[in-house]
Structure formats: structure tokens, C-alpha cells
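The lines below spell out each chain.
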Amino acid sequence: MTDTLDIKITKAAQSRLAETDFNNLPFGKVFSDHMLVADYADGEWKNFEILPYGPILMSPAISALHYGQAFFEGIKAYKHANGEVSIFRPDKNAIRFNKSAERLCMPTLPEDIFVQSIAALVDIDREWIPGKPNHALYIRPFMFATDAFLGVTPSATYKFVVIVGPVGPYFSKPLKVKIETHYTRAAEGGMGYAKAAGNYGSSMLPARKATEEGFDQLIWTDAKEHKYIEEMGAANAMFLLDGKLITAEAKDTILDGVTRDTVIALAKNWGIPVEERKVSVAELIEGAKNGKLTDAFGAGTAATIASVASITYEGVEYPLSDPATREFSKKVLTTLDDIKYGRAEDAHGWNYTV
Ligand SMILES: *Cc1c(COP(=O)(O)O)cnc(C)c1O
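The rules behind the values
- Residues numbered from 1 in each chain as written.
- Predicted model: local features only at pLDDT ≥ 70, side-chain atom pairs only at ≥ 80, totals over all residues.
- Heavy atoms only, no water.
- Near = heavy atom within 4 Å.
- Polar contact = N/O pair within 3.5 Å; in protein donor to acceptor, adjacent residues only side chain to side chain.
- Areas by Shrake-Rupley, 256 points an atom, 1.4 Å probe, with all protein chains shown as cover.
- Helix = DSSP H or I, 4+ residues; strand = E, 2+ residues; numbered from the N terminus.
- Nonpolar A, V, L, I, M, F, W, Y, C, P; charged D, E, K, R; others polar.
- Domains from an automatic or database assignment.
- Contact = heavy atoms within 4.5 Å.
- Buried area = accessible area lost by both parts, 1.4 Å probe.
- Salt bridge = Lys/Arg side-chain N within 4 Å of Asp/Glu carboxyl O.
- Buried < 20%, exposed > 50% of the residue type's maximum accessible area, 1.4 Å probe, protein only.
- Pairing = 2+ DSSP bridges.
- Phe/Tyr/Trp six-rings, centres within 6.5 Å; stacked < 30°, edge-to-face > 60°.
- UniProt positions renumbered as here; feature names shortened; annotations may be inferred.
- Core = buried A, V, L, I, M, F, W, Y, C linked by side-chain atoms within 4.5 Å.
- Expected span 1.5 Å × (residues − 1).

*Asks:* Explain the site of the ligand to me, and be specific about the residues and the numbers.
*Replies:* Near the ligand there are 15 residues, and of these K195, Y200, E231, T259 and T301 occur at the shortest range. Here T259 contributes a side-chain N or O atom positioned 2.6 Å from an oxygen atom of the ligand. Protein burial of the ligand: of its 380 Å² of free accessible surface, 96% is covered by the chains. Those elements giving two or more residues to the shell around the ligand turn out to be β12 (235-241), α6 (258-269) and β15 (293-300). Split by residue class, the shell around the ligand holds six nonpolar, five polar and four charged.

*Asks:* Hey, could you go over the domain arrangement of the protein for me, with residue numbers and the actual values?
*Replies:* As assigned here, the protein comprises domain 1 (8-168) and domain 2 (175-340). Counting residues at the interface gives 22 residues for domain 1, matched by 21 residues for domain 2. When the two sides are added together, the surface that domain 1 and domain 2 hide from each other amounts to roughly 1,900 Å², 59% of it contributed by carbon and sulfur. At the boundary of domain 1 and domain 2, one finds two salt bridges. For R89, the salt bridge goes to D261, with nearest N and O atoms at 2.9 Å. Summed over the shared surface of domain 1 and domain 2, the result is twelve residue pairs in polar contact (both at pLDDT 80 or more). Listed by contribution, the elements that provide at least two residues to the side of domain 1 that touches domain 2 are β4 (70-72), β5 (75-79), β6 (85-88) and α2 (90-103). Ranked by the residues each element gives to the side of domain 1 that touches domain 2, the list is headed by α2, at six residues. Here the residues of the side of domain 1 that touches domain 2 sort into nine nonpolar, six polar and seven charged.

*Asks:* Tell me what's going on with the pairing of strand β9 (residues 175-179), and back it up with residues and numbers.
*Replies:* Of all five residues that make up β9, four are buried, and the element is covered over most of its length. In terms of strand pairing, β9 meets strand β16 (residues 304-313) through four bridges, oriented parallel. Within β16, the residue paired with V177 across the bridge is I311. For β9 and strand β10 (residues 217-221), the ladder comprises three bridges, and the chain directions are parallel. Considered in β10, the bridge of V177 is made with Q217.

*Asks:* With reference to specific residues and values, describe the packing of aromatic side chains.
*Replies:* For the structure shown, the criterion picks out 17 aromatic pairs. Taking the centre distance of 5.1 Å and the plane angle of 10° together, the rings of F31 and Y53 count as stacked. Here F31, found in the loop between β1 (8-9) and β2 (34-41), pairs with Y53, found in the loop between β3 (44-52) and α1 (63-67); they are 22 residues apart in sequence, far enough to count as distant. According to the relative accessible area criterion, Y53 is partly exposed, its value standing at 32%. Centroid distance F97 to F160: 5.5 Å. Interplanar angle 75°. Geometry classified as edge-to-face. Taken together, the residues span a long stretch of sequence, with F97 in helix α2 and F160 in strand β8 (residues 158-167) at a distance of 63 residues.

*Asks:* Just give me the short version of the UniProt feature "modified residue: N6-(pyridoxal phosphate)lysine" (unreviewed entry) in the protein, but keep the residues and values in it.
*Replies:* In the UniProt entry, the feature "modified residue: N6-(pyridoxal phosphate)lysine" (unreviewed entry) is given for K195. Inspection of the secondary structure puts K195 in the loop between β9 and α4 (197-201). Setting aside its immediate chain neighbours within four residues, K195 contacts F71, F72, E73, G74, R96, S100, Y200 and L255.

*Asks:* An account of the nonpolar core is requested, with residue identities and associated values reported.
*Replies:* Membership of the largest hydrophobic core comes to 48 residues, with the highest contact counts inside it found for W45, F48, F114, I139 and F160. The leading source of residues in this core is helix α3 (residues 111-124), at seven residues. Each residue touching I139, except ones within four places of it in the same chain, is listed here: E73, G74, I75, K76, A77, I87, I118, V122, V162, I163 and V164.

*Asks:* Pulling in residues and values, what's your account of the environment of A237?
*Replies:* Mapped onto the fold, A237 is located in strand β12. Separated by 71 residues in the primary sequence, A237 and V308 place their C-alpha atoms 9.6 Å from one another. Discounting residues that sit within four places of it in the chain, A237 has contacts with I229, E230, E231, M232, I246, T247 and F297.

*Asks:* Which residues make up α3, and what values do they have?
*Replies:* The end-to-end C-alpha distance of α3, which contains 14 residues, comes to 20 Å, matching closely the 20 Å that a straight helix rising 1.5 Å per residue would cover. Among the 14 residues in α3, ten count as buried, and that is most of the element. For α3, the set of buried residues is D112, I113, F114, V115, Q116, S117, I118, A119, L121 and V122.

Now the structure itself:
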């Protein structure tokens, strides 16, 4: 732990809280009164500042816009019934933030400074955290290159920004998903493990095609053979097959999800065998047919646990068990919520109190 971070604070003259409709919170469209901004220049982070949320003036030549030196994180803060506020596992995001930074040739940020920055912003805007079930404050830290220079070379200057906003549930129903066998999200040696902005840009066309074909989401497969499951949209794909929790191992094509890690820890606590390995499409289809695939879901901070209703592969739809009867994912969701909202003991120390 370093010393307390020195942050300059300028409060908004007037809060937008009163004019915000907390009964209508489309994901990612409502932002709080403040944001945190810091600059990287001359080899160091400086000018940490919390100021009213609003536009940032930039040169049209900034390298982030042209060559993609940009990445982000996604975290949530929760309000407990007693009014206490906690952020879920921000230390994990701090580590992943720096992995993304290194892959994109961008500067790292000391983990405790990352956590202190988001905690300071959450504290100032704590009134923005909804108190309702399944609601939270979504925290979006990100970094981008700011050199005004059209050259494919790492920028010398960067901005670290954190914005936050109240959110409700991400998906409203179990998902009809398609196994993607043409497009690829990430290849070995690429940057799939980084939360790089470019990874999401390249996912939009395949995602839109899947939507046009009537699917809610797609499941990515490996770049070489399209035979092994990678991820589900922007969530980790997890399955309960023959009583075991199986998911792709967190290698270079997989985003090492905090939710994924949390689900694995819970499964291990409960004595459920966990296998992080190559998961073939063939074994899932087989399991869907013989009933041994008893659970399937996407795991992520935004979506939490998103149940899969059916899997379509090469034009054939394989329905899975009724999500309402799935013991594992229901227990995971209940347990996670109980910890996040302070209703159960936080035995793993996952909650960071603000
Ligand atoms: C963010 C993300 C996840 C989920 O990670 P969490 O830390 O659980 O939010 C999984 N896959 C991709 C591609 C992601 O971008």
C-alpha cells in the first residue's frame, strides 16, 4: 500500500440525481455526477482529479482513435441493506488492467492507486448506487493514448478515466445462442486476454449477424478449427457436464473473468469437480442430447450469470434443461448476490468496503 492518493476534487454545482429515473436504467446510458481523470506524461501518472462528468477535449490526431491503444475494465459496487457500500473484487480488475496495458504497450498503474481511484469516485457518488435487488453501480475504468501523432508507435501520453453509472439487470431472459464457426474473436498470440477496445470492435459484425438470425448471443470457438468453445459474447462460457464444472482454460485467447474465477472458487468450496481445459462443441452437443449437460451460462460482471436456453450448431438447435430447474447456476447466483449485497459472510474477502 502506498500513501493515500492525492486527488483534486471539484464537485458538480448541481446534482442530476433528482432528475434521474431509477425505474428506467438502460445499461450503460446513465452516468453519475462525477468522473475521475488522471494523466500520464514524462513517465509518470499525475493530476488525479475528480470533476463533474462531462466531455473531454482532445486532438483529432490522438493515437487511440487511429491505432487502438485503448482498453477498459468493468466492475460493480453494491449497496447493502444497512447502507454500507462495497466494490466486488477490484483488486482482480487492477491486475487485469495492467495485463491489458502491457499487451498494448501502455503504462501500468499501481494496483492500489487503481483501487483508490475508483473507491474515491464511488464514495463521492455513493448516492447514485441503486438500493434495489439486481441493481448496482457499474464502474468503467479505461485508459487511452493521447499523443497527437499519426505514427504507429506507442504514445508517450495517456489518460486514465473512471466513469460510473447505476444499472439494473443486463439480460431479461435465458439466451438462445449460436456456436460461431466462421468468425473468430481471438487467436493464439493475439490479444484476446486483454480487455482491449479493438476486441469489441471486431465482435460487432458477427454479433449483429447472429442477432439478425434470431439469436441473443454467440459462442466463440477457437480460431484454428472452430471445434472448441472459447467465450460467450463478452462473458466466459461455463457448463455443468456430468456433474463437473467445465470451462475453457484462461490462456491467451480467453479473457480471465473475475466472475469466472469467483464461480470456480464457489464450485470448489462445494466439492464440485472443476475442469479448466479445452471444451469441445461435440461433447456439449452430446451432453445436450443425453441430458448430461445440466447447466450452461455466461459469467461476467455486467451479465452476472446469464442462462443459456438453447445452443444452435450448424443450423440445428439443441434445447437445454429448463433454466428454472438448474440447481448449480441458481445456487451460484443466490450465493454471489448474498455476498455482494452483504447478506452472507464474505469468507473470501471479496468485498472492498468504501
Ligand atoms: C469482461 C469480459 C468477461 C467477463 O469478465 P468479468 O471480469 O467477469 O466481468 C469475459 N469475456 C470477455 C470477452 C469480457 O470482455
